[in-house]
Amino acid sequence: MNLHHLPKPARQAAFALALLAVLPFSAQAQDAGKALGGLFQSLIRPNQPAQPAPAQPNTASGLAGALLGASLTPGGQQAAQGGDLFKLLSQSLDQIDEPREIQIGQQLAAVLLGSKPLYPDVALQRYINQLGRWISLQSSRPDLPWTFAILDDPGFNAFATPGGYVFVTKGLIDRVADEGELAGILAHEITHVTAKHHLIALNKSARAGLLTQVIGSQLKNDLGGMVSQQLLALGRNMYTKGLDQQDEFDADRTGVALATRAGFDPYGLVAVLQQLRTAAPDDALFALSLSTHPPAQTRLNQLELAMGTRLDAYAGQPSVTVAQRISGTNRRPTAQAPAKQAPAKKTN
């Protein structure tokens with residue numbers, strides 16, 4: 001694969017794709033900082049200069065156990081944890097250090113796993129973890145215990161919890177055109193975690209007195225542990241209502257920069273938003289995603305303002321589908337995808 005004729009940004013991105021295709025994850029972690037040097041922080045902070053920037057289970061239930069680990073095993077200590085975490089959320093965000101943030105994320109991951117089971121395909125689960133972890137290494141919080149999983153659900157959705165837990169649905173996997181689009185979605189969700197968007201939203205709701213009438217009660221979850229009823233209700237409310245619009249715009253803008261830094265086409269997320277823009281509001285497969293996010297056209301407009309043409313040198317990366325990547329038929333991408341177009345300006 002001759003990269004010397006490409007401009008430097010395109011060479012960097014192509015090199016990162018090659019790393020993802022052929023290196024084991026440990027080597028990816030070691031070389032993450034070397035593979036791509038620059039992140040367009042002007043996308044994240046306008047008017048700022050750019051700066052450089054598990055054992056595999058065999059069943060769906062085993063995947064769930066490995067995903068959340070001992071934090072959801074039976075026992076009095078875990079039974080009390082849910083209520084304690086809710087009380088912590090009700091106080092000050094400054095008191096929530098990283099270990100407690102991860103505990104809250106584990107509890108909320110249990111909420112999501114209680115809603116939908118994990119998709120029982122070990123190879124696909126391994127792939128989403130390799131891809132997600134590679135992208136997370138380029139983020140501002142690479143040392144979180146990042147865990148990625150696919151929920152057995154036909155809808156087009158993605159979720160994240162504090163501490164580094166990211167979920168996508170099988171329906172989303174089936175509908176993305178290529179790995180670049182999936183990378184854009186994962187980078188969006190990773191940004192929610194690194195910016196603590198969910199943690200801040202939970203803190204606001206808890207401090208506002210939401211659900212204080214059920215303080216102290218507990219619910220048993222499907223994995224054998226205990227989750228406080230109020231934390232469970234807070235999580236369900238957040239995932240059905242969605243985050244603030246500005247949080248979503250920030251996750252789009254920073255996610256595009258993050259995906260680009262990881263070596264993927266910056267227009268991957270743009271292509272996803274263009275697909276969402278054409279989805280019918282009454283389509284059950286897209287209903288939750290559409291209802292919990294700003295209108296897709298508004299998100300496209302915001303991205304156009306942030307991106308301009310600054311990432312065009314990174315566009316048009318080789319297109320690899322998820323099926324090709326998993327089957328190993330395209331370990332080194334060779335098929336050149338047409339460059340995705342910048343979001344069109346809204347017309348009156």
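Check the entry above for the structure.
Predicted model only: the values in this text are computed from it and were never measured.

Q: What am I meant to see in the overall build of the protein here?
A: A count of helices and strands for the protein gives 16 helices and seven strands. For the protein, the residues scored as buried account for 53% of the 348 residues in total. Split by element, the accessible area of the protein, about 15,200 Å² in all, is 52% carbon and sulfur.

Q: How do you make sense of the environment of Q302 when you look at a structure like this?
A: Following the sequence through the fold, Q302 ends up in helix α15 (residues 296-307). Each C-alpha atom of the pair Q302 and F249 lies 7.0 Å from the other, and the pair is 53 residues apart in sequence.

Q: Honestly, the packing of helix α9 (residues 179-194) against helix α12 (residues 245-261) in this entry has me stumped. Any pointers?
A: To describe two helices that pack against each other, one gives the angle between their axes and the distance between the axes. At their nearest, the axes of α9 and α12 sit 7 Å apart, and the two run at 125° to each other. Put simply, α9 runs oblique to α12. Crossing hand, α9 versus α12: right-handed. Mapping the contact onto sequence places A183, G184, A187, H188, I190, T191 and H192 in α9 and D247, E248, D250, A251, D252, T254, G255, L258 and A259 in α12. Considered class by class, the residues forming the contact of α9 with α12 number six nonpolar, six polar and four charged.

Q: What's the story with the environment of K170 in this structure? I'm lost.
A: Summarising the element assignment, K170 is placed in helix α8 (residues 170-175). Note on K170: relative accessible area 15%, which makes it buried. Along the primary structure K170 and L124 are separated by 46 residues, whereas in three dimensions their C-alpha atoms are 9.7 Å apart. In this structure the side chain of K170 is engaged in a polar contact, spanning 2.7 Å, whose partner is the side chain of D174.

Q: In this structure, what is going on with helix α13 (residues 268-278)? I would like to understand it.
A: It helps to recall that an α-helix has 3.6 residues per turn; residues three or four apart then point in one direction. Within the span of α13, buried status applies to G268, L269, V270, A271, V272, L273 and L276. Residues of α13 that are buried in the fold lie against α9, α12, α14 (287-291) and α15.

Thresholds, definitions, all that
Residues numbered from 1 in each chain as written. Predicted model: local features only at pLDDT ≥ 70, side-chain atom pairs only at ≥ 80, totals over all residues. Heavy atoms only, no water. Helix = DSSP H or I, 4+ residues; strand = E, 2+ residues; numbered from the N terminus. Buried < 20%, exposed > 50% of the residue type's maximum accessible area, 1.4 Å probe, protein only. Areas by Shrake-Rupley, 256 points an atom, 1.4 Å probe, with all protein chains shown as cover. Axes fitted to C-alpha atoms, helices over the stretch in contact; angles between N-to-C directions. Parallel < 35°, antiparallel > 145°, perpendicular 65-115°, else oblique. Left-handed = near helix turned anticlockwise from the far one by under 90°. Contact = heavy atoms within 4.5 Å. Nonpolar A, V, L, I, M, F, W, Y, C, P; charged D, E, K, R; others polar. Polar contact = N/O pair within 3.5 Å; in protein donor to acceptor, adjacent residues only side chain to side chain.

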